[in-house]
Amino acid sequence: MKIQEIIVVEGKDDTTAIKRAVDADTIETNGSAVNQSTIEKIRRAQETRGVIIFTDPDYPGEKIRKTIAENVPGCKHAFLTKAAAMAKGDKGIGVEHASPEAIREALGDAQVMMEQPVEKITQEDLIAAGLIAGKGAKERRIRLGELLKIGYTNGKQLHKRLMMFQISKQEFSEALVQVLQQEGENE
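All values derive from a computational prediction rather than experimental measurement. (Residues numbered from 1 in each chain as written. Predicted model: local features only at pLDDT ≥ 70, side-chain atom pairs only at ≥ 80, totals over all residues. Heavy atoms only, no water.)

**Quick notes on the sheet that holds strand 2 (residues 26-28)**
The mixed open sheet is built from 5 strands, whose spatial order is 2-1-3-4-5. Whereas interior strands pair on both sides, the edge strands pair on one side only; in this sheet they are strand 2 and strand 5 (111-112). Both strand 4 (residues 76-77) and strand 5 contribute to a ladder of 2 bridges, which runs antiparallel. Paired with Lys76 across the two strands is Val112, which belongs to strand 5. (Pairing = 2+ DSSP bridges. Helix = DSSP H or I, 4+ residues; strand = E, 2+ residues; numbered from the N terminus.)

**Here we look at helix 1 (residues 12-21)**
Those residues of helix 1 not exposed but buried are Asp14, Thr15, Ala17, Ile18 and Ala21. The buried residues of helix 1 occupy an angular sector of 165° when the element is viewed end-on, so they sit on one face. Facing away from the buried side of helix 1 by more than 90 degrees, the exposed set consists of Lys12, Asp13 and Arg20. Taken together, the buried residues of helix 1 touch strand 1 (6-9), strand 2 and helix 4 (100-108). (Buried < 20%, exposed > 50% of the residue type's maximum accessible area, 1.4 Å probe, protein only. Arc of directions from axis to C-beta. Contact = heavy atoms within 4.5 Å.)

**A word on the environment of Leu107**
You can see Leu107 is positioned in helix 4. On the basis of relative accessibility, which here comes to 6%, the residue Leu107 falls in the buried class. Through-space distance from the C-alpha of Leu107 to that of Thr122 is 28 Å; in sequence the pair is 15 residues apart. Once residues within four sequence positions are removed from consideration, Leu107 is found in contact with Ile3, Ile7, Val22, Ile52, Phe54 and Ala78.

Here's what the structure looks like:
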């Protein structure tokens, strides 16, 4: 599988994992303090071939993703679940630990975040759905993020990410039904 866009990852081990899964070029940020030189490389890549931001599903990874998205608009975003990025023996989390299949799937599902998003799902919808505050809200958000392929978010970020990816009411409702059905089966 050849990827046209340049994939932005955190480090050398991530590049190695990407190259095991797909034929692609990468730019490494080498940590969460993304410098101006790296931003310029990413900006140039976005102008010429397009960019997919593919960082670890943890706080530093989200910080890198946010920094790049603010400085280089129009990039695609690929997400791994924490489970798919977990090292054997729970010793670390990151793209480098994901299977080639999980990497290919995440890259295949990459999406562009909208610059001027339109609100389709309100904060009130999220509260009514039990996704913000209350028992089980975090677990529901984790599962919803997996189903919609938008990554994990806290309660505050969920509304923003749903808007940025322009998730429709129908997509949201269908995913929520699955989340609630699974929850019912697990009780």
